[in-house]
Structure formats: C-alpha cells, structure tokens
2 protein chains.
Amino acid sequence: MIFGIIQVALRIILIITTLSLVVGLSYGEDMDGALFKQAQKLFSPLPKVMESEQNPVTPEKVKLGKMLFYESRISIDGTVSCAKCHPISLYGADGLRMSVGNHCKANPRNAPTVFNAASQISQHWIGNRTSVEDQAKQSVIGPPAFGMVKYEDVEKRLKEYEEYVALFKEAFPADKDPVTVDNFAKAIGAFERTLLTPSPFDSYLKGNEKALTAAQKNGLKTFIETGCTGCHSGTYVGGQMYQKFGLVEPYWKYTKSEKVDEGRYAITKSEADKYVFKVPILRNVEKTSPYFHDGSVDTLEATVTIMAKVQLGRDVSSKQAAEMADFLKSLTGKISEDAITVPLLPSLE
Amino acid sequence: MIFGIIQVALRIILIITTLSLVVGLSYGEDMDGALFKQAQKLFSPLPKVMESEQNPVTPEKVKLGKMLFYESRISIDGTVSCAKCHPISLYGADGLRMSVGNHCKANPRNAPTVFNAASQISQHWIGNRTSVEDQAKQSVIGPPAFGMVKYEDVEKRLKEYEEYVALFKEAFPADKDPVTVDNFAKAIGAFERTLLTPSPFDSYLKGNEKALTAAQKNGLKTFIETGCTGCHSGTYVGGQMYQKFGLVEPYWKYTKSEKVDEGRYAITKSEADKYVFKVPILRNVEKTSPYFHDGSVDTLEATVTIMAKVQLGRDVSSKQAAEMADFLKSLTGKISEDAITVPLLPSLE
C-alpha cells in the first residue's frame, strides 16, 4: 500500500516534470521560432555583390577602382582620396563628427560607411547622389571634397600614370579614350559594390539560429517591438527610404547637435522635406561612431534611446537600449581579404 | 689542295670565333664579377627586422603598433595618424611636396618613407629625431603633426578603448600602467622596425647576379663611378650620415625649391651645418616621388642629374641618368603581407 502511494506519487511527479519540460521547451522554441520567422520577413541576408545594370561589376573595374579609391594625387591639394573619409580600418567611416576635405574644408555631414552602401535608394544623408558612381563622380569636383575644378583636370592627372592608362583600357575595353571621370566613377563604384560584410545576423537569417546570442535575440525582439523596423529593415537594415528625423519631437532636443540641419529641404525646398534624411543602414553600426548626420552622439545606447524617443515617442529603459545595442553588434561583419589589403599605386615614369 | 685551304681557313675562322666568344664572355664575366664584388663591398642586403636594444621587437608590440599607426582619433582634430603621411599605398610616403598635418598645418619638409627607415642614424631630414620611437612620440604633440597639447591627453584618449588597454597590457606585461605615450611610441617603433622591403637588389647582393637586368647593372656601375656611393651606400643605400646639400653648387640653383632650407643649422646654429641634411635612404625611391627635402623635383632622372651636379660637380648625360634610374628601380621592394593589410581599430564600448 505505502509502495503503491509512493509509486503513484513518483509517477505524478514524473508526469508533471515531463510536462513542464515539454511546455517550457516548446514555449522557448515557439518564441525563438516566431522571432526567427518575423526576422526572415523583415530582413534578408547580404548578396555576394551589389549589382548594377548601369555598371556591371567586373574584376578589371574592381581592381582599378580599388586603386582609385586610395588615390589622393587627383585631389586639388593632394590630400583627399575616397579612403580619407572612408578608411577601411574604421569600417569605411572616419570617426569624425563631420568629414574634412581638401584644404581642411568642413563637410556638412558625417561620413557614412562605404560598406554595404551601394544598394541604397540614394547616397549621402540627404540623398543628393543617385548612386555610388554618382557620388564618386561628383566628389572629385566637390568643393569640400577633392576640390578639383574641372573633370578634365582629373583626367589629365590620371593620364600621367602609364599604369592607370593601361588599367582603364583593360577595364573599359570598348572605349576609345577610356580615361574619363565617368569611367573613374564606374571603376570606384564597381569596387564599392563588392564591399559587403556578412555578419552573424546574415548567418542567423540563413537558418543558423545559434548565430545570435540569447542577449542579441532579446535585442532583436526589442528592436522589432519598439518599432525600429518600421524604417530599419531589409537587407541593409535601412537605406531604402527617407524619413523625418524627429517625427514625434525635434531631434535637436536630445542630440548634441550644434545647429539644426534641415535635411532634404536643402535640395527640394519643400516644407514636407524639412528635417527629412535618408534612413541610414545599420550594418557595422557598432564600428562607425559617432552617430547621426552630424555625428553628435557617441554611443550606440544613447543613439537607440534618442531614436526611440524622437521617432516613436517611446522611452526605452537602459536595459532595453543595451539589448538593442547587443542586437546591433550582430550586424558587425567580416571585411573580405581583398578589401582589407591596400593596393600599391603607380608612380610617375 | 683547295679543300685543304678551305679546311684551314674554316679552322682559323672557328678558332677566331671561339676565341672572341671566350674573350667576350670572360670579359663580360670579369666585368660582372668585378661589379658584383664592388657592390658587395658597398652594400648589404636587408635584415629581417631592424632590431633595437632599447625596444626589442615582439609580436605583441608589432600588433598594437600597427593599429596605432592607423589611429587618427588621438590627434587634435581626429584627422592625423602615422598612416596619413606614410600611407602604405604610396610606399610609406604621401606624394606631397610637404606633408600636411592637423588643421591643414604645413609641415616644413617632405615626408620620408617609413619603410626600411628604422636603422638610420636619426629620423627626419635634419636628424632632429633620434629614433623611430622618438619620432612617434614627438609627433603626437608636434604642432604641425598630431597637434595634441599634452601627452596625458593622448593617453586619456587611448584609455577610452578597452581593446587598446588590453593590447597595451599584452605588449608591456611588466608595466603596472602600460597605456603611456612612451609605450605608444615603442609599439609603433616595433611595427616600423618590421617594415622592410626586400628587393631585386638584395637578391643580387646575396649572389643571384641575374636579379638585376643588364641595364640595371649598367646603372649600378654608373652610380658607383659617378660617386653616388660616397654617401648612398650600406644596407639602406643612405641614411648613415649627414651631408651638405649642394657641396659644389647651391642646390636651389637646380631644384625648384621655393625657399632656401638651411637644414641642420636650424637645430645646431653652427655655420658648418648650413644646408646639411641627413642623406636619405634610396630604397623604394622609384615609388616615393616627389624628391628632396622640399619635394621640389618630380622625376628620378632629374633628381640624379641634379645630385651629380651639385654634390659631385659632374654633368651626367640623359643616358647615364636613365641608367641610374634603372638601377634605382631595382631597390623597389616587396611589402610584406602583414604590412599590406589594414588593421581594424577598436570602437568605443
């Protein structure tokens, strides 16, 4: 009798334990599974190359473009190359609040990273460059950038280097006179279209649920629930739309902005574009401090807190901010072996 | 009879031909052999590392030093790193007549390459830095360089990065408080002491006589015969003595110098040091145009012609100048796989 009772009691304990384990596990799996499905709907992993119909990526263009990316001798004072504001060592940004161009001219905004950048709707914070090629082309004559006066002068300088002339021929074999600024821009664009940094988040999106830590999954959940994915989604976690900075409250109430930047209003002169900027991509955001168009905030936690406040009217706790920062660190990717090596530039003959 | 005569004639022709070939060859071999012996007396191949008793090279220091070499966030305006004036893509020089520092401040002289530089008698054109470590240390507070006011401010900035704090500890395990500017300088110095570029000329000096082309051997001969090796000799083809620039005639009569630089007189105030500079090393000189302390001349041919004139009172022909330039191109070396890759720098936590 006493054994019977003990046996029954043990069975009940066993059943309860088993049930609770099953419920617990399946609850955890459901949670994870639901988050994973949601993530797959909102985001997608990086491609191998950011293709362009207007500028097909070829190895010859990429090789030349990488060299031109480092070429400072085509700027008015010999100090500006693409790599000046987009050094690879700082993940393609420059660590400055606002970039500095030829003769130390101040640029109006913070340098966005050149990694994973080519498939955005446009380039620059206010979208006044249609593509990476357009950006490269306009930069050489941009007064606060390379500062050259005429495209012809850039072409003339490039032609001084026999090796460049030969490489332009190889990259643009159909062109009679291939050393042009348009081809310069295409070569640099082609190089930039290869600058992709696959990250743990890509691995996660492809099905490896262990690629994110538990803390990062929490952060992803918070990131989605807070509403960040309203703008920061897709392959690049941003870069696909324009949005007013300060939808709910003026951004400058919370940032350390020294002046109010009216964003796209500067180009469209439409009231609707006041304080409107391109939504930045968040890949490698951990590595590209300081943040915002004016680099006015240094840390990721402060940045997500301000964004939740001024865009979504939400007060996130410091725990939630830390969780989201944790998630954002899963977007830090691997720079390819090619991108991490420096090209050697030609000398005058 | 007629056959006998023909046979004898043929034999004579054969003997003459053979003799002339042998004489020609042995004459050529003697010439080559003599040149080779002379070269081995005058020069020596690069070591693996440019050692220093004061700063032994360790992998930990080199790793940290390479990162610090690229670190711009420790300069007053965030734009200056060692790599700014010594980019690897331009063989460790910057392609400018004179370097440009923080807030676009003009530096007084042309940036010498950082490759193969550490074993010179001193650093800088006028020898006012005792070593690469001294150069690195003084640069961070150099007004036209990094422009920081106090060493403590540099240390404070470095300490903001947890990764740097850890790497300083690894590199200087015996130090209680390792994040110091002295250790910063030692780490960068250690990295620079690995920056060696073995070239075809090293291969030649080690016994591979085919490493130089016939034209380069001619150039080497001309280089020795003209008297260039009076100063440009040793492992680094220079870098071991001070010399008046313009021994025979004032240099500014031939260079395109915009002003007269009095050289070491600026530091010693001794008349004997007027126009005296450190003899620059010539390794990779092909790749480090423009030339001279003020970068006033662009081509190698013009440079050797001016040097022969003002230092040795000799008028070299354009053929001789081209030959010497040919030889100097054999000093263009291979940059190591480590030096050609960019380090990724820490971000703020």
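Here, the structure is the one placed above.
Residues numbered from 1 in each chain as written. Chains lettered and ligands numbered in written order. Predicted model: local features only at pLDDT ≥ 70, side-chain atom pairs only at ≥ 80, totals over all residues. Heavy atoms only, no water.

> Would you mind going over the interface of chain B and chain A with me for this structure?
Much of the literature gives interface size as the accessible area that the parts lose upon coming together. Of the residues lining the interface, 31 residues belong to chain B; the matching set on chain A comes to 31 residues. Approximately 2,500 Å² of surface area, both sides summed, lies buried where chain B meets chain A, with 64% of it carried by carbon and sulfur atoms. Three residues stand out in chain B for area buried against chain A, namely Ser 89, Val 342 and Leu 344 of chain B, and they jointly supply 22% of the buried area on that side. One can count zero salt bridges joining chain B with chain A. Counting across the interface, chain B meets chain A through six residue pairs in polar contact (both at pLDDT 80 or more). (Contact = heavy atoms within 4.5 Å. Buried area = accessible area lost by both parts, 1.4 Å probe. Salt bridge = Lys/Arg side-chain N within 4 Å of Asp/Glu carboxyl O. Polar contact = N/O pair within 3.5 Å; in protein donor to acceptor, adjacent residues only side chain to side chain.)

> Explain the packing of helix 9 (residues 214-226) of chain B against helix 12 (residues 318-329) of chain B to me, please; I cannot follow it from the model alone.
Between two packed helices, the angle of one axis relative to the other and the distance separating the axes together describe the packing. All names here are of chain B. Interhelical geometry of helix 9 versus helix 12 gives an angle of 110° and a closest axis separation of 7 Å. Put simply, helix 9 runs roughly perpendicular to helix 12. Contacts between helix 9 and helix 12 involve Ala 215, Gln 216, Asn 218, Gly 219, Leu 220, Thr 222, Phe 223 and Thr 226 from the first element and Gln 320, Glu 323, Met 324, Asp 326, Phe 327, Leu 328 and Lys 329 from the second. Here the contact of helix 9 with helix 12 is composed, by residue class, of six nonpolar, six polar and three charged. (Axes fitted to C-alpha atoms, helices over the stretch in contact; angles between N-to-C directions. Helix = DSSP H or I, 4+ residues; strand = E, 2+ residues; numbered from the N terminus. Parallel < 35°, antiparallel > 145°, perpendicular 65-115°, else oblique. Nonpolar A, V, L, I, M, F, W, Y, C, P; charged D, E, K, R; others polar.)

> How do you make sense of the pattern of salt bridges when you look at a structure like this?
Pairing between side chains of opposite charge can happen when their charged atoms approach one another. Residue and element names in this part refer to chain B. The final tally for this structure, using the stated rule, is 30 salt bridges over all chains. A salt bridge links Asp 177 to Lys 159; the shortest N-O distance between them is 3.7 Å. Of the two residues, Asp 177 is situated in the loop between helix 6 (162-171) and helix 7 (181-192) and Lys 159 in helix 5 (residues 151-159); the sequence distance between them amounts to 18 residues. Classification of Asp 177 by relative accessible area gives partly exposed; the value is 47%. (Buried < 20%, exposed > 50% of the residue type's maximum accessible area, 1.4 Å probe, protein only.)

> Just checking my understanding: could you explain the state of the cysteines for this structure?
Chemically, a disulfide is nothing more than a covalent bond linking the sulfur atoms of two cysteines. Across all of its chains, the model carries one disulfide over all chains by this definition. Here Cys 104 of chain A connects covalently by a disulfide to Cys 104 of chain B, the sulfurs 2.2 Å from one another. Its S-S torsion of about 100° marks the bond between Cys 104 of chain A and Cys 104 of chain B as right-handed, since a negative value means left-handed. Residue Cys 104 of chain A is found in the loop between helix 3 (82-85) and helix 4 (132-141), and its partner Cys 104 of chain B is found in the loop between helix 3 (82-85) and helix 4 (132-141); the two belong to separate chains. With a relative accessible area of 27%, Cys 104 of chain A lands in the partly exposed category. Among the cysteines around Cys 82 of chain A, which has no disulfide bond, Cys 85 of chain A carries the closest sulfur, lying 9.1 Å off. (Disulfide = S-S within 2.5 Å.)

> Looking at this structure, how should I read helix 9 (residues 214-226) of chain A?
The periodicity of an α-helix, 3.6 residues per turn, causes residues three or four places apart in sequence to face the same way. With 13 residues, helix 9 of chain A ought to run about 18 Å at 1.5 Å a step, and its terminal C-alpha atoms sit 18 Å apart, in line with that. Once helix 9 of chain A finishes, Gly 227 of chain A follows within two positions and takes phi at roughly 105°, a positive value. (Expected span 1.5 Å × (residues − 1).)

> I keep staring at the relation of the copies chain B and chain A and nothing clicks. Help me out?
A rotation about an axis combined with a shift along that same axis relates the two copies of the chain. Between the two copies, chain B and chain A, the superposition gives an RMSD of 0.0 Å; the rotation angle is 180° and the shift along the axis is 0.0 Å. Such a turn and shift between the copies fits a two-fold axis. Residues of chain B ranked by C-alpha distance from the rotation axis are headed by Thr 341 of chain B, positioned 2.1 Å from it. Mapped onto chain A, 100% of the interface residues of chain B are again interface residues, and the two copies thus contact each other with one and the same surface. (Least-squares fit on C-alpha atoms with pLDDT ≥ 70 in both.)

> Help me understand empty space enclosed by the protein in this model?
Take a probe with the size of a water molecule and roll it over the atoms, and the empty space left behind shows itself. As enumerated under the stated definition, the model contains five cavities of 30 Å³ or more in all. As a volume, the largest cavity reaches approximately 650 Å³. Taken together, 31 residues make up the lining of the largest cavity; nearest its centre are Ala 83 and Lys 84 of chain A together with Ser 81, Ala 83 and Lys 84 of chain B. Counting residues per element, the ones that place at least two in the lining of the largest cavity are helix 3 of chain A together with helix 3 of chain B. The greatest single-element share of the lining of the largest cavity, amounting to three residues, is contributed by helix 3 of chain A. Grouping the amino acids of the lining of the largest cavity by side-chain chemistry returns 17 nonpolar, 10 polar and four charged. (1 Å grid on protein atoms, 1.4 Å probe; cavity = no way out; pocket = protein on both sides within 12 Å on 5 of 7 lines; lining within 4 Å. Points joined across faces, edges and corners; volume = space filled by probe spheres on them.)

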